[in-house]
Amino acid sequence: MRFIADRMLGKLCTWLRILGYDTVYAADLGTNSDENEDRVILSFAARESRILLTRDRVMTRLADREGIRYVLVRGDDVMEQLAEIIRYVPGVNLEPVPLRCSECNGELRKMVAGEEYVLRAKSYVPADRIGEMDFWICKTCGRVYWRGSHWRNMRMQLQRLKRP
Ligand SMILES: [Zn+2]
């Protein structure tokens, strides 16, 4: 299950990546005009069989015509938006998994012994946890991830979504 999210849904895009889903953000497709962007999004979604996430009703009509699966997102809050996706796309995972970079959608890989110097070079990595916790690094942009307090907060927010 892969997604493409329009420009209005940047935060949702980040959350889906945290949940392990390959999610392309329309703003990263690098188009030069709005009209052109809609075309690019649709053909990209069709080519890669991605589910289109959009707030734009016109886009959903075009998607319908081209047989592209979509969710028309109405909620303003990202948790409401995730709840909508769960409703339309059954089986969505609700546990954070270290598979995708939330910044760039690149693939993550687990770091191994001997790479501590990479971690020490990043000012945002808690130095006292190196050697004690697992770390993952984005193969594309080099951002490092670990299961810290941020991760626990996200899990708590997601737990609420699991309740009917
Ligand atoms: Zn990255």
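Right above here is the structure, for reference.
J.: Mind laying out the environment of arginine 2, listing which residues take part and the relevant values?
T.: For arginine 2, the position within the fold is in the segment before strand S1 (3–5). For the pair formed by arginine 2 and alanine 63, sequence separation is 61 residues and the distance between their alpha carbons is 16 Å. In this structure arginine 2 touches Asp22, Glu48, Ser49, Arg50 and Ile51, once residues within four positions along its chain are discounted.

J.: Just give me the short version of the sheet that holds strand S5 (residues 108–110), but keep the residues and values in it.
T.: One open sheet holds the 3 strands; their spatial order is S5-S6-S7, and the pairing between them is antiparallel. Strands with a single pairing partner mark the edges of an open sheet, and in this sheet they are S5 and strand S7 (144–146). Taken over all neighbouring pairs, the strand axes of this sheet differ in orientation by 30° on average, direction set aside.

J.: Before we move on, can you summarise the packing of helix H4 (residues 78–88) against helix H6 (residues 149–162) with the specific residues and values?
T.: Where H4 meets H6, the closest approach of the two axes is 10 Å, and the angle between their N-to-C directions is 45°. One finds that H4 runs oblique with respect to H6. Crossing angle aside, the handedness with which H4 passes H6 is right-handed. Mapping the contact onto sequence places Met79, Leu82, Ala83 and Ile86 in H4 and Gln157, Leu158 and Leu161 in H6. Tallied by class, residues from the contact of H4 with H6 come to 6 nonpolar, 1 polar and no charged.

J.: Can you tell me about the nonpolar core, naming the residues and giving the values?
T.: In this structure, Leu12, Leu16, Leu53, Leu82 and Ile85 are the most contacted members of the largest nonpolar core, which totals 26 residues. When residues of this core are traced back to their parent elements, those giving at least two are S1, helix H1 (10–18), strand S3 (51–54), H4 and H6. Of all the elements, H1 adds the most residues to this core, at 5 residues. A domain-level breakdown of this core finds at least three residues from each of domain 1 (3–88) and domain 2 (108–162). Residue contacts for leucine 12: discarding those within four places in its chain leaves Leu53, Val73, Val78, Gln81, Leu82 and Ile85.

J.: So what's going on with the coordination of the zinc ion? Which residues, and what values?
T.: Only Cys101 (SG), Cys104 (SG), Cys138 (SG) and Cys141 (SG) from the protein coordinate the zinc ion, and they sit 2.3 Å from it. Every donor counted, the 4 donor atoms about the zinc ion form angles of 100 to 119° at the centre, which fits tetrahedral coordination. Going along the chain, you hit the donors of the zinc ion in the pattern C-x2-C-x33-C-x2-C. Note that cysteine 104 is positioned in the loop between H4 and S5 and cysteine 138 in strand S6 (residues 135–138), a separation of 34 residues in sequence. Its relative accessible area of 28% is what places cysteine 104 among the partly exposed residues.

Conventions and cut-offs
Residue positions are given per chain, counted from 1 along the sequence in the order it is written. A pLDDT threshold of at least 70 governs which residues receive local features in this predicted model, and a stricter bar of 80 or more applies before side-chain atom pairs are shown or counted, although totals over entire chains, interfaces and linings include all residues. Only hydrogens and water are removed before side-chain values are computed, so all heavy atoms of the structure are retained for them. Secondary structure elements follow DSSP: runs of H or I of four or more residues count as helices, runs of E of two or more count as strands, with numbering from the N terminus. Any two residues whose heavy atoms approach within 4.5 Å at even a single point are treated as in contact. At least two DSSP bridges between two strands are required for those strands to pair. Axes here refer to lines fitted to C-alpha atoms; in helices the fit is confined to the stretch in contact. Angles between the N-to-C directions go from 0 to 180 degrees. Here roughly perpendicular refers to angles of 65 to 115 degrees, roughly parallel to angles under 35, roughly antiparallel to angles over 145, and oblique to all remaining angles. By the definition used in this description, the sense in which the near helix is turned from the far one sets the handedness, with an anticlockwise turn below a right angle giving left-handed and a clockwise turn giving right-handed. All amino acids are sorted into three groups, where Ala, Val, Leu, Ile, Met, Phe, Trp, Tyr, Cys and Pro are nonpolar, Asp, Glu, Lys and Arg are charged, and the leftover types, Gly among them, are polar. The criterion is simple. A nonpolar core is a set of buried Ala, Val, Leu, Ile, Met, Phe, Trp, Tyr and Cys residues joined through side-chain atoms within 4.5 Å. Here the term buried applies to any residue with accessible area under 20% of the maximum for its type, exposed to any over 50%, and partly exposed to those in between, with areas from a 1.4 Å probe on protein chains only. The domain limits used here are those given by an automatic or database domain assignment. The donor set comprises N, O and S atoms within 2.8 Å of the metal, extended to 3.2 Å for Na, K and Ca; water molecules are omitted, so apparent gaps in a site may simply reflect that omission. Any coordination sphere not matching a tetrahedral pattern (four donors, all angles between 85 and 135 degrees) or a square planar or octahedral pattern (four or six donors, opposite donors over 155 degrees apart, other angles between 65 and 115) is reported as irregular.

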